[in-house]
Amino acid sequence: MKDRPSGRKPLLVTVLVFPGVRLLDVTGPIEVFTTANDFGGRYRVRTVSPDGADVVTAAGTGLRVDLAAAQVQAASDVIIIPGGPEWPPLIKDDTLLDAVRALDARSCRTASICTGAFLLAAAGLLDGRKATTHWRCADQLALRYPKVSVEADALFVRDGHIMTSAGVSSGIDLSLALVEEHLGADVARAVAKDMVVFMQRPGGQSQFSVRTHTPRARQEMLRRVLDAVAEDPSAPHTLAAMARRAGVSPRHMSRLFHDEMSTTPARYVEQVRMEAAQAMLEDSDDPMGTVARRTGFGSPESLRRAFTRNLGITPGAYRARFRTTDTAGDGKPA
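Model, not experiment: these values are computed from the prediction. (Residues numbered from 1 in each chain as written. Predicted model: local features only at pLDDT ≥ 70, side-chain atom pairs only at ≥ 80, totals over all residues. Heavy atoms only, no water.)

Undergrad: Whenever I open this one, the side chain of serine 175 confuses me. Can you help?
TA: As for its position among the elements, serine 175 is in helix H5 (residues 170–183). A relative accessible area of 0% means that serine 175 is categorised as buried. A polar side-chain atom of serine 175 sits 2.8 Å from the main-chain carbonyl oxygen of glycine 171. Residues in contact with serine 175, not counting those within four places in the same chain, are Pro29, Val32 and Phe33. (Helix = DSSP H or I, 4+ residues; strand = E, 2+ residues; numbered from the N terminus. Buried < 20%, exposed > 50% of the residue type's maximum accessible area, 1.4 Å probe, protein only. Polar contact = N/O pair within 3.5 Å; in protein donor to acceptor, adjacent residues only side chain to side chain. Contact = heavy atoms within 4.5 Å.)

Quick look at the structure:
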């Protein structure tokens, strides 16, 4: 991290906004920093746009802008670079990218929210760095900017003075981390409690991802195996059993999965079983033993280990989080 200016002046947070910016990418961090002022913080937040004009967000809400990016003189403790749902045109906007570079040059910490990582990457600020973005866009970030090491499952990533965060609400996670960095864990915890959010959210982005979509196998024998796994995840889909179904040797079966699916037979079977278990947890009240048995995990403990390994949370926590937004129950994971 760059050295922060000395003295007892307020911590200056500058948020870059532009037409089509995602509203929560802007307001989430602002709420964190201004709430911290209720617990001893001294944050001063300002918004800037490339030309100083007010902007309309992707949600259709207008945002007032304090000044143009070129008018920024004082160094900022934090620069926030939000994203927008229509990010491809943004990375071709030279005026916007110039503003990103200029603001970064006058900041102690530069932080992107969601697809704001694309603006940092397009400005050349992520070259040779680790970064993250929304899980839907992580592959695109890695493909377009091969000099960036993309950590697709992280909620936020620090690398030097730059931080990048995942989708939308993870900007709150990142901002809480900055409050902790500036003011300590007690203040960050107080802010999290006041906002009724996690101080440290369990699990990574994988828990929010859509169902796995594997490429269509070219080999008919492999397609038969994949269909059999999908039709009955609870069956004993060992390597030997899959090889027998395809009429090939176990070694050849492993090679087919590697060449066409870019994974192993065991990993593929676990992915299908995970998807089946996620669907059951979202759509039924079946006990964990039933979910484990019907999806091929066998026991609640095996199910729990798989969820913790793949998603970073327990099956009970997953059900509590994704089953419903109803607050009538106790909200406790099974």
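Okay, back to it.
Undergrad: Explanation requested: the nonpolar core in the structure shown.
TA: Buried together is how nonpolar side chains tend to be arranged in soluble globular proteins. Counting 59 residues, the largest nonpolar core has Leu16, Ile80, Val100, Leu119, Leu126 and Val179 as its most contacted members. Broken down by element, this core gets its largest block of residues, six residues, from H5. Ignoring anything within four residues of it in the chain, the contact list for leucine 16 reads Val48, Ser49, Pro50, Ile80, Ile81, Pro82, Leu96, Ala99, Val100 and Leu103. The next biggest cluster of nonpolar side chains, apart from the first, holds 16 residues, and it includes Met242, Met253, Met261 and Val269. (Core = buried A, V, L, I, M, F, W, Y, C linked by side-chain atoms within 4.5 Å.)

Undergrad: Would you take a moment to explain the pairing of strand S7 (residues 107–112) for this structure?
TA: Two faces, one strand: in a regular strand the side chains alternate between the faces of the sheet. In terms of burial, S7 is a largely internal element, six of the six residues being buried. Note on the crossover from strand S6 (residues 76–81) through helix H2 (residues 94–105) to S7: the handedness is right-handed. (Right-handed = clockwise from strand over helix to strand, strands pointing away.)

Undergrad: Would you explain the state of the cysteines in this entry?
TA: Each disulfide consists of a covalent bond between the sulfur atoms of two cysteine residues. Under the defined criterion, the tally for this structure stands at zero disulfides. The thiol sulfur of cysteine 114 is not disulfide-bonded, and the nearest other cysteine sulfur, from cysteine 137, lies at 6.3 Å. Overall, the relative accessible area of 3% leaves cysteine 114 in the buried class. (Disulfide = S-S within 2.5 Å.)

Undergrad: Teacher, can you tell me more about the packing of aromatic side chains here?
TA: Within a pair of aromatic rings, the relevant descriptors are the distance that separates the centres and the angle that separates the planes. Applying the stated criterion across every chain, the model contains five aromatic pairs. With 4.9 Å between their ring centres and 50° between their planes, phenylalanine 33 and tyrosine 43 make a pair best called tilted. Of this pair, phenylalanine 33 sits in helix H1 (residues 23–36) while tyrosine 43 sits in strand S2 (residues 43–49), and the two are 10 residues apart along the sequence. Among the aromatic residues, those joined into a ring-pair cluster are Trp87, Phe118 and Tyr145. (Phe/Tyr/Trp six-rings, centres within 6.5 Å; stacked < 30°, edge-to-face > 60°.)

Undergrad: Just checking my understanding: could you explain the pattern of salt bridges for this structure?
TA: Pairing between side chains becomes possible if they bear opposite charge and their charged atoms approach one another. Counted under the stated rule, the structure contains 11 salt bridges. Residue aspartate 98 pairs with arginine 101 through a salt bridge whose shortest N-O separation is 2.9 Å. On the criterion of helical spacing, the pair formed by aspartate 98 and arginine 101 is a turn pair, its members being three residues apart in helix H2. Aspartate 98 gets classed as partly exposed once you look at its relative accessible area, which sits at 45%. Between aspartate 286 and arginine 294 there is a salt bridge, with the nearest N and O atoms lying 3.4 Å from each other. In this structure aspartate 286 comes out as partly exposed when scored by relative accessible area, which is 21%. Taken together, the shared-partner salt bridges connect Arg109, Arg158 and Glu181 into one network. (Salt bridge = Lys/Arg side-chain N within 4 Å of Asp/Glu carboxyl O.)

Undergrad: Teacher, can you tell me more about the side chain of serine 107 here?
TA: Note that serine 107 resides in strand S7. Judged by relative accessible area, which is 4%, serine 107 ranks as buried. A polar contact of 2.8 Å, which involves the side chain of serine 107, links it to the side chain of threonine 110.

Undergrad: Any chance you could explain the sheet that holds S2 here in plain terms?
TA: The pairing of strands in a sheet happens through backbone hydrogen bonds and is either parallel or antiparallel. Judged by pairing direction, the sheet is mixed, and its seven strands sit side by side in the order S5-S2-S1-S6-S7-S11-S10 without closing on themselves. Edge positions in the open sheet fall to strand S5 (67–68) and strand S10 (156–159), since each of these has one partner strand only. Strand direction decides the pairing type here: S10 and strand S11 (residues 162–165), joined by four bridges, are antiparallel. Paired with phenylalanine 156 across the two strands is serine 165, which belongs to S11. The strands touched by H2 are strand S1 (11–16), S2, S6, S7 and S11; relative to S1, the strand with the most contacts, the crossing angle is about 170°. Packed onto the sheet, H5 meets S1, S2, S6, S7, S10 and S11 and runs at close to 150° relative to S11. (Pairing = 2+ DSSP bridges. Axes fitted to C-alpha atoms, helices over the stretch in contact; angles between N-to-C directions.)

Undergrad: How should I be thinking about the pairing of S2 in this particular structure?
TA: Counting buried residues along S2, five of its seven residues qualify, which places the element largely inside the surrounding structure. Here S1 runs beside S2; their pairing, made up of six bridges, is parallel. Looking at the pairing, valine 13 lines up with valine 45 of S2. The handedness of the S1 to S2 crossover, carried by H1, is right-handed. As judged from the two bridges shared by S2 and S5, these two strands associate in the parallel manner. Each bridged residue has a counterpart across the sheet, and for valine 48 the counterpart in S5 is leucine 67.

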